[in-house]
Amino acid sequence: MGHGAASPASRVPRTRLTADNAAKVAATLQALATPSRLLILSRLREGPLPATELAAEVGMEQSACSHQLRLLRNLDLVVGTRNGRSVVYSLYDNHVCELLDQALYHVEHLRLGLSDTTAEPEPEDAIAPGNARTAVGAEMDADRIAR
């Protein structure tokens, strides 16, 4: 998973990037490249919310938020469910949470000045899934103290 660490939530099987899936991956990462979309996704991590309330909570005009939600919906990052006259939005699935977690983890890793190393894939039982976050956090703390 890079940085010699297991994924915080679980081990994600490595999949080869191909010409067939590269465009979809690029579109997904571009969607995550806008702070307003990240704020929307981050807020939806806390739970579903009607579009009008979501716009207010992330500090956006309703029309701008709706535009961003349409883009996120077209990329299958969020889903909208009609509830009377309003549409309630939620994250498409847990993969979206994991994308946010990994991005935040990477930024924090860089902020701490930890070096990036390429690691060999770890055996499945090297770090138990329930202990992955603890083991990675302990490794980061040890590196920070050593500096």
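This one's a predicted model, so the numbers in the text were calculated from it and none came from an experiment.

Asks: Teacher, can you tell me more about the nonpolar core here?
Replies: Generally speaking, nonpolar side chains in soluble globular proteins are found buried as a group. Counting 22 residues, the largest nonpolar core has Ile 40, Leu 41, Leu 44, Leu 54, Leu 69 and Val 78 as the members making the most contacts within it. Only α2 (35-45), α3 (51-58), α4 (62-74), β3 (86-91) and α5 (94-111) provide two or more residues apiece to this core. Element by element, the count of residues in this core is highest for α3, at 4 residues. Discounting residues that sit within four places of it in the chain, Leu 69 has contacts with Ile 40, Ala 51, Leu 54, Val 78 and Tyr 89.

Asks: For this particular structure, what's the right way to read the pairing of strand β2 (residues 78-83)?
Replies: Taken residue by residue, a regular strand's side chains alternate between the two faces of the sheet. Bridge analysis of β2 against β3 gives 6 bridges, and the strand direction is antiparallel. By the bridge assignment for β3, Gly 80 is matched with Tyr 89. The antiparallel hairpin formed by β2 and β3 contains 2 residues in its connecting segment, where Gly 84 sits at a positive phi of about 70°.

Asks: Just to check I follow, could you spell out a nonpolar patch on the surface for this structure?
Replies: Taken together, the side chains of Leu 17, Val 25 and Leu 29 present a nonpolar region at the surface, about 270 Å² in accessible area. As for its placement among the helices and strands, Leu 17 is situated in the segment before α1 (19-31). A relative accessible area of 55% means that Leu 17 is categorised as exposed.

Asks: Please clarify how the side chain of Arg 43 should be interpreted in this entry.
Replies: With respect to the helices and strands, Arg 43 occurs in helix α2. Taking relative accessible area as the criterion, Arg 43 reaches 14% and is therefore assigned buried. A distance of 2.6 Å separates polar atoms of two side chains, one belonging to Arg 43 and the other to Glu 57. In this structure Arg 43 touches Leu 49, Leu 54, Glu 57 and Val 58, once residues within four positions along its chain are discounted.

Asks: Explain α3 to me, please; I cannot follow it from the model alone.
Replies: Along an α-helix, a turn takes 3.6 residues, which lines up residues three or four apart on a common side. Of the positions making up α3, those classed as buried are Ala 51, Leu 54, Ala 55 and Val 58. Each buried residue of α3 lies within a common arc of 100° when the element is viewed along its axis, so the set occupies one face. More than 90 degrees from the buried face of α3, the exposed residues found are Thr 52 and Ala 56. Against α2, β1 (49-50), α4 and β3 lie the buried residues of α3. Phi turns positive, to about 70°, at Gly 59, one or two residues after α3.

Asks: Please clarify how the side chain of Gln 68 should be interpreted in this entry.
Replies: Take Gln 68: it is sitting in helix α4. Here Gln 68 falls in the buried class, since its relative accessible area comes to 12%. Beyond its immediate stretch of four places on either side in the chain, Gln 68 contacts Ser 36, Arg 37, Ile 40 and Met 60.

Asks: Can you walk me through α2 in this structure?
Replies: Regarding α2, the residues found buried are Arg 37, Ile 40, Leu 41, Arg 43 and Leu 44. The buried residues of α2 occupy an angular sector of 160° when the element is viewed end-on, so they sit on one face. Residue Gly 47 follows α2 closely and has a positive phi angle near 145°.

Asks: Just checking my understanding: could you explain the sheet that holds β2 for this structure?
Replies: As summarised here, the arrangement of the 3 strands in space is β1-β3-β2, forming an open sheet in which the pairing is antiparallel. Edge positions in the open sheet fall to β1 and β2, since each of these has one partner strand only. With 2 bridges connecting them, β1 and β3 associate as antiparallel partners. Directly across from Leu 49, in β3, lies its bridge partner Tyr 89. On top of the sheet, α4 reaches β2 and β3; it is set at about 115° to β2, its chief contact.

Cut-offs used in this document
- Residues numbered from 1 in each chain as written.
- Predicted model: local features only at pLDDT ≥ 70, side-chain atom pairs only at ≥ 80, totals over all residues.
- Heavy atoms only, no water.
- Core = buried A, V, L, I, M, F, W, Y, C linked by side-chain atoms within 4.5 Å.
- Buried < 20%, exposed > 50% of the residue type's maximum accessible area, 1.4 Å probe, protein only.
- Helix = DSSP H or I, 4+ residues; strand = E, 2+ residues; numbered from the N terminus.
- Contact = heavy atoms within 4.5 Å.
- Pairing = 2+ DSSP bridges.
- Patch = residues over 30% accessible without salt bridge, like charges linked within 9 Å, V, L, I, M, F, W, Y side chains within 5 Å.
- Areas by Shrake-Rupley, 256 points an atom, 1.4 Å probe, with all protein chains shown as cover.
- Salt bridge = Lys/Arg side-chain N within 4 Å of Asp/Glu carboxyl O.
- Polar contact = N/O pair within 3.5 Å; in protein donor to acceptor, adjacent residues only side chain to side chain.
- Arc of directions from axis to C-beta.
- Axes fitted to C-alpha atoms, helices over the stretch in contact; angles between N-to-C directions.

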